[in-house]
Amino acid sequence: MATSKNGYIGSGPESDKVIENMHAIEQLRIAVSAETEEIKKDNKEKFDEVSERLQSIESVISKISKSIDESTVPTNNTTNMASESEKRFTLKHVFENVKKFKKGLQNFSEMEEHFNVDSRMCLVRRNNHLGFYLQCKLIIPADKWSIQTKMELKIVHKNRDDVVKTTDYCYKTITGHGFPEFLEWEKMEKEYLVKGMLTVEAHVSIIETTGLAKEKIREFDESQKDISDVILVVRDTKFYVSKMVSTLTDLPYLSTIFQFLAAQSSVFRALLFGKFSESEQSEVTLNGIDPDDFHYFLEVLYGEPAVDDTTVEGVALLADMYDAPTAIRRCEEFLLKESKKKLAKKLEIATRYHLEKLQKKCMSDITSLEVFGRVPKNSNY
């Protein structure tokens, strides 16, 4: 899906899902409007509260739409599934009262979680310039961890050219990285402030993460060499797997006859048995994906209970990329029944990866929470 500068949403499955969400919000607005007419007569305060909550729903959907718009990358049946990384997301924030920023004082946007990474933007006034930074950290960091990123930091103005700077950075500590002299302060005040407010964005690609505190259940290293017939290479990691029908007795959730990659994924079926050159090779390189994500994805295909809140987004991404319905179903079931992720995050994942049951559940929960006032005002779900 693509969104033009004029705000028009392009065609495609992701666009259809976002439009469905927007339609649901419009229906909810109409229902709440009718429901609250009586409340308005008797209780003005209650009416205002419901109205504010309805606006907060629209804000959530808008944020989700923006995230999906910026992170969707077309896939195909080749080994080069993405040029760099499918793990893309966008942060957007409007800073208020920017003229009153004190020199040297950090001003942060809200912290958001994407692909096990907590991130937020930071603006600082220093040396007659505006500094612009992005802070990233793993949500559950180990003693040693890293997040390799590519980022585009942007100041946005509808009537002027955006100010954009790009950088690559590997985060290893909880710190910010960016540009201490992103834009001259005077130029920013004169040309980019709108009623004292400044709109900024960070477009981020996560290339690779290390240090995720999640134990691996099954091995795919050289110890599996004797029972594998193909090696899948992800960056510097080799995965010894089977593309043929195999007999195993140690899979806890599957029958003893289990058809591995070809049966689990239409993309792998085409790749390993189709007319691609890779189908004749004993070693196949897969580009643009994270080795840890791929390990947990394989564990799910092998019947292991590998889906939890730290792995579900990465597994869902690969399940969607490789058209693996069993894996995507496991992700949806986990998000429906066990996940502790926020409601807005679940809806974002459901919309991006076409999880219809989860999407309906999220929309129903939002409706119930907002209409009946079972969450505090200004809650971010």
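- In the annotation of an unreviewed UniProt entry, the entry for the protein reads BTB domain-containing protein, and the organism field reads Caenorhabditis nigoni.

## Concerning the packing of helix α6 (residues 291-301) against helix α7 (residues 312-321)
Then, in step 1: Contact geometry for α6 and α7: axes closest at 9 Å, N-to-C directions at 75°. With respect to α7, the element α6 is oriented roughly perpendicular. Between α6 and α7, the contacting residues are Asp293, Phe294, Tyr296, Phe297 and Val300 on the first element and Gly314, Val315, Leu318 and Ala319 on the second.

## Topic: the side chain of threonine 310
Then, in step 1: One can find threonine 310 in the loop between α6 and α7.
Then, in step 2: Among the polar contacts made by the side chain of threonine 310, one reaches the side chain of aspartate 308 at a distance of 2.7 Å.
Then, in step 3: If near-sequence neighbours (up to four positions away) are discounted, threonine 310 is found in contact with Asn116, Ile140, Leu212 and Lys214.

## Some details on the environment of threonine 210
Then, in step 1: Tracing the backbone shows threonine 210 in strand β9 (residues 198-212).
Then, in step 2: Threonine 210 sits 68 residues away from alanine 142 along the chain, and the two C-alpha atoms are 8.8 Å apart.
Then, in step 3: Setting aside residues no more than four positions away along its own chain, threonine 210 makes contact with Leu138, Lys144, Trp145 and Ser146.
Then, in step 4: Of the polar contacts made by the side chain of threonine 210, one reaches the side chain of serine 146; its length is 2.5 Å.

## Topic: the confidence of the model for the protein
Then, in step 1: On average, residues of the protein carry a pLDDT of 75, and 64% of them reach 70 or more.
Then, in step 2: Ranking the elements of the protein by mean pLDDT puts strand β13 (residues 257-259) last with 35 and strand β2 (residues 106-108) first with 97.
Then, in step 3: Of the regions scoring below 50 in pLDDT, residues 63-84 engages in 63 contacts with residues more than four places distant in sequence or in other chains.
Then, in step 4: Ignoring residues within four places in sequence, the model shows residues 276-280, a span with pLDDT below 50, making eleven contacts including any to other chains.

## As for the side chain of aspartate 118
Then, in step 1: Structurally, the position occupied by aspartate 118 is in strand β4 (residues 117-126).
Then, in step 2: Under the relative-accessibility criterion, aspartate 118 is labelled buried at 16%.
Then, in step 3: Contact partners of aspartate 118, with chain neighbours within four places excluded, come to Met111, Glu112, Glu113, Gln135, Cys136, Lys137 and Ile139.

## Some points on empty space enclosed by the protein
Then, in step 1: Under the definition given, this model contains two cavities of 30 Å³ or more.
Then, in step 2: What the second largest cavity holds in volume is close to 50 Å³.
Then, in step 3: Every residue along the wall of the second largest cavity is listed here: Lys87, Phe115, Asn116, Thr209, Leu212, Asp290, Asp292 and Asp293.
Then, in step 4: Among the secondary structure elements, those contributing two or more residues to the lining of the second largest cavity are β9 and α6.

Criteria and cut-off values
- Residues numbered from 1 in each chain as written.
- Predicted model: local features only at pLDDT ≥ 70, side-chain atom pairs only at ≥ 80, totals over all residues.
- Heavy atoms only, no water.
- Axes fitted to C-alpha atoms, helices over the stretch in contact; angles between N-to-C directions.
- Helix = DSSP H or I, 4+ residues; strand = E, 2+ residues; numbered from the N terminus.
- Parallel < 35°, antiparallel > 145°, perpendicular 65-115°, else oblique.
- Contact = heavy atoms within 4.5 Å.
- Polar contact = N/O pair within 3.5 Å; in protein donor to acceptor, adjacent residues only side chain to side chain.
- pLDDT = per-residue confidence, 0-100.
- Buried < 20%, exposed > 50% of the residue type's maximum accessible area, 1.4 Å probe, protein only.
- 1 Å grid on protein atoms, 1.4 Å probe; cavity = no way out; pocket = protein on both sides within 12 Å on 5 of 7 lines; lining within 4 Å.
- Points joined across faces, edges and corners; volume = space filled by probe spheres on them.

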